Amino acid sequence: MTDIDSLIRRELELMGNGRYSGKDLASTVFTKVRRRRIRRLIIAISTVMVFTVSSVGIYALGKAVSEHNFAATNTGNNGAVGSTDSHALQPSQIDHLISDYPVTWEQSVGDLTAISKAGGIGDTLGGLTAAGLKVTWQACSTGACPTSWILNVENRTGDIVTANPALMLFVNHEPLESSSRPVTVTPGSSALLVFTFPELSKGLTVGSNSTWQWNWFLTPAH
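Nothing here was measured: the structure is a model prediction, and the numbers come from that model. (Residues numbered from 1 in each chain as written. Predicted model: local features only at pLDDT ≥ 70, side-chain atom pairs only at ≥ 80, totals over all residues. Heavy atoms only, no water.)

Visitor: What exactly am I supposed to notice about the nonpolar core here?
Guide: When a protein is soluble and globular, its nonpolar side chains tend to lie buried together. Counting residues in hydrophobic clusters, the biggest one holds 32 residues, and the most contacted among them are Trp149, Leu151 and Trp214. Within the residue set of this core, elements represented by two or more residues are strand 4 (128-138), strand 5 (145-155), strand 6 (161-163), strand 7 (165-171), strand 9 (183-185), strand 10 (190-196) and strand 11 (212-218). Counting residues per element, this core draws most heavily on strand 4, which supplies five residues. Not counting residues up to four positions away in its chain, the partners in contact with Leu151 are Ala130, Gly132, Leu133, Ala191, Leu192, Leu193, Phe195, Trp214 and Trp216. (Core = buried A, V, L, I, M, F, W, Y, C linked by side-chain atoms within 4.5 Å. Buried < 20%, exposed > 50% of the residue type's maximum accessible area, 1.4 Å probe, protein only. Helix = DSSP H or I, 4+ residues; strand = E, 2+ residues; numbered from the N terminus. Contact = heavy atoms within 4.5 Å.)

Visitor: Just checking my understanding: could you explain the packing of aromatic side chains for this structure?
Guide: How two aromatic rings sit relative to each other is given by the distance of their centres and the angle of their planes. Counted by the stated rule, this structure contains three aromatic pairs. With a centroid separation of 6.2 Å and an interplanar angle of 90°, the aromatic rings of Trp137 and Trp212 are classed as edge-to-face. Here the residue Trp137 occupies a position in strand 4, and Trp212 occupies one in strand 11, the gap between them amounting to 75 residues. There is no split in this pair, since Trp137 and Trp212 are both buried. Pairing Trp149 with Trp214 gives two aromatic rings, centres 6.2 Å apart and planes at 40°, and the pair type is tilted. Of this pair, Trp149 sits in strand 5 while Trp214 sits in strand 11, and the two are 65 residues apart along the sequence. For Trp149, a relative accessible area of 0% puts it in the buried group. In this structure Trp214 comes out as buried when scored by relative accessible area, which is 4%. Aromatic ring contacts, followed pair by pair, group Tyr101, Trp137 and Trp212 into a single cluster. (Phe/Tyr/Trp six-rings, centres within 6.5 Å; stacked < 30°, edge-to-face > 60°.)

Visitor: Before we go on, may I ask you to explain the pairing of strand 7 in this structure?
Guide: In regular strands, side chains alternate between the two faces of the sheet. For strand 7, a buried count of seven out of seven residues is recorded, marking the element as mostly surrounded by other parts of the structure. Residues Pro165, Leu167, Leu169 and Val171 point to one face of strand 7 and Ala166, Met168 and Phe170 to the other, with burial holding for every one of them. Here strand 7 folds back onto strand 8 (residues 174-180), and the loop between the two strands holds two residues, one of which, Asn172, carries a positive phi near 55°. (Pairing = 2+ DSSP bridges.)

Here is the structure:
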């Protein structure tokens, strides 16, 4: 019996010593062994499934708690996590605006070098139309500040347009900082203008209850 499977051998020994002594035990033993192996397989599969479901549940719970704690940590910094302006809109309510936190449009140009009115998304200045805006936020003294703005401008005219668009930031409707980018756009084409304000993440003081506004305008070509 040395070449017989250990489980079958054990069954034969147990049954041979009992009420089955002297009978043909082969079919009975193989049936019992098969059932026991199926039972073990079911138990193993069930254990793996329970472990997997538990792991997924623990991960989801941990992620939810982490996100809740982050939101709770920033609740006191209204200026860092979004505008408290009564006219502020959530990013999901503004077409073609991508921003983690709300930003509003400011009518005032706020820059003496402006040669055009202030514009927002969808406005056309000097032949360029603002088609979209993406705002990137980074950690600053109040929690988070908008340090990078990517403005998508399109030339919907039939002529080549050369201009010097500028983007202005406002805090509590007061001018904070502006930056300009020269660009030439052919008819039917678009361009991405990247405006960065790294000083916002390097110690620039912004009130904890501040609101954020922006606009874009044209300045003389240099």
